[in-house]
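# Remarks on the overall topology
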Amino acid sequence: MRINARATLVALVPALLLAAVGCSSTNAPATGRSPDPKGSEGSAAGAPGAPAASPDPAGSASPKTGGTKLERSALAQGDLPGYQISAQGKNPNAPDGQPQADKKACQPLADIMGDKPDPAARETVNRGIGSQKQMGLAVSASVSSYSESDAKALISRLKAAVAACGTGFSATVDKQTGSYREVRAADYRTSGDESVSWTTTAAGQGVSAQVHLVVVRQGDTVVRLMALNVAAAQQKSQVPQEVTDKQLEKVRKAD
């Protein structure tokens, strides 16, 4: 993906997902080079879907493994062989805040694309995941804490919004607007208490991308996963089952 396409896509696909991946055409791996099956931090730096450079020069790319319950719940490097996991800061080109939908019924879907799943989230910890097994596949993962009633309400709102917004909607954040076409519920298995999954095509200014989203409630914790192929944006992508399973496993172990 060309560098000049990244700025356009920032307004179209989840800001967190764009923060998680590098879109430069220089990110293609050398011919014949095989990915590191252990998902080492060094080997993934130039691979498609690898996390972008941290905008904070004092920051660390390594996710924290201790700290709060939510930090312990989040994925860390080494949890998933074949994937690069980063807790680096947000891409400076990505807009801040919660997108505003042009249709009230679709606001829950717009919120999911923002800095946190919705305004009721008490705390959110984000991770960027780049696959070293499937070229270009990038996943944004987050865990958020809620009251259990708010977490249940979020899943209900999302299910209703997916059903109501099949024809699509547009959303604006930081004066940038993108459209989300063909919102479709997707079958996806999770081991959480309840979940919702859908696909959509993010589009605008001649650029479009296929995005897959999965939101899972586990007690009072909400897991949000979003996938995109940055090497082939028109290709349908799916959040890898192993990523979802491992994330939910960590949430349960942190309790």
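Thresholds applied
Residues numbered from 1 in each chain as written. Predicted model: local features only at pLDDT ≥ 70, side-chain atom pairs only at ≥ 80, totals over all residues. Heavy atoms only, no water. Buried < 20%, exposed > 50% of the residue type's maximum accessible area, 1.4 Å probe, protein only. Helix = DSSP H or I, 4+ residues; strand = E, 2+ residues; numbered from the N terminus. Pairing = 2+ DSSP bridges. pLDDT = per-residue confidence, 0-100. Contact = heavy atoms within 4.5 Å. Core = buried A, V, L, I, M, F, W, Y, C linked by side-chain atoms within 4.5 Å. Expected span 1.5 Å × (residues − 1). Arc of directions from axis to C-beta. Disulfide = S-S within 2.5 Å.

Another aspect to go through is the pairing of strand 8 (residues 207-218). For strand 8, a buried count of 11 out of 12 residues is recorded, marking the element as mostly surrounded by other parts of the structure. Bridge analysis of strand 8 against strand 9 (residues 221-229) gives seven bridges, and the strand direction is antiparallel. When the sheet's bridge partners are listed, Val 214 is paired in strand 9 with Leu 225. Counted between consecutive antiparallel strands, the loop separating strand 8 from strand 9 contains two residues, among which Gly 219 sits at a positive phi close to 65°.

Looking now at the environment of Asp 187. Mapped onto the fold, Asp 187 is located in the loop between strand 6 (176-185) and strand 7 (194-204). Take Asp 187: its relative accessible area is 81%, and that puts it in the exposed class.

We now examine the confidence of the model for the protein. Averaged over all residues, the pLDDT of the protein is 77; the fraction at 70 or higher stands at 70%. Looking at the elements of the protein, mean pLDDT is at its lowest for helix 1 (residues 3-10), recorded as 47, and at its highest for helix 5 (residues 148-164), recorded as 98. Confidence drops under a pLDDT of 50 for residues 1-8, and excluding neighbours within four residues, the segment shows 18 contacts in the predicted structure. Throughout residues 19-61 the model reports pLDDT below 50, and contacts reaching past four residues in sequence, or to other chains, amount to 92 contacts.

Here the focus is the side chain of Ser 208. Checked against the element boundaries, Ser 208 lands in strand 8. Judged by its relative accessible area of 16%, Ser 208 is buried. Among all residues touching Ser 208, those that are not within four sequence positions of it are Arg 181, Thr 201, Ala 202, Ala 203, Ala 233 and Gln 234.

Here the focus is the nonpolar core. Counting residues in each nonpolar core, the largest one holds 27 residues, and the members touching the most others are Leu 109, Leu 158, Phe 169, Trp 198 and Val 215. The set of elements that each furnish at least two residues to this core consists of helix 4 (107-112), helix 5, strand 5 (169-173), strand 6, strand 7, strand 8 and strand 9. Counting residues per element, this core draws most heavily on helix 5, at six residues. Those residues in contact with Val 215 that sit more than four places away from it in its chain are Ile 112, Ile 155, Leu 158, Glu 194, Ser 195, Val 196, Trp 198, Val 222 and Val 223. If you look at the next biggest cluster of nonpolar residues, it comprises 22 residues, including Ala 74, Leu 137, Val 143 and Val 239.

The next thing to look at is helix 6 (residues 241-254). Side chains that are three or four residues apart share a direction in an α-helix, a result of its 3.6 residues per turn. The end-to-end C-alpha distance of helix 6, which contains 14 residues, comes to 20 Å, matching closely the 20 Å that a straight helix rising 1.5 Å per residue would cover. Of all the positions in helix 6, only Val 243, Thr 244, Gln 247, Leu 248, Lys 250, Val 251 and Ala 254 are classed as buried. In an axial view of helix 6, the angular spread of the buried residues amounts to 155°, which keeps them on one side of the axis. Contact partners of the buried residues in helix 6: helix 3 (69-73), strand 1 (83-86), strand 3 (123-131), strand 4 (137-145), strand 8 and strand 9.

What follows covers helix 5. Between its first and last C-alpha, helix 5 extends 25 Å over 17 residues, near the 24 Å set by a 1.5 Å rise per residue. For helix 5, every residue scored as buried is listed here: Ala 151, Leu 154, Ile 155, Leu 158, Ala 161 and Val 162. The buried residues of helix 5 all sit within an arc of 130° when viewed along its axis, so they share a single face. More than 90 degrees from the buried face of helix 5, the exposed residues found are Ser 149, Ala 163 and Ala 164.

Moving on to the state of the cysteines. Applying the stated criterion across every chain, the model contains one disulfide. The side chain of Cys 106 participates in a disulfide bridge whose partner is Cys 165; the two sulfur atoms lie 2.0 Å from each other. Handedness of the Cys 106-Cys 165 disulfide follows from its S-S torsion of about -115°: it is left-handed. Of this pair, Cys 106 sits in the loop between strand 2 (100-101) and helix 4 while Cys 165 sits in the loop between helix 5 and strand 5, and the two are 59 residues apart along the sequence. Assigned by exposure class, Cys 106 and Cys 165 land together as buried.

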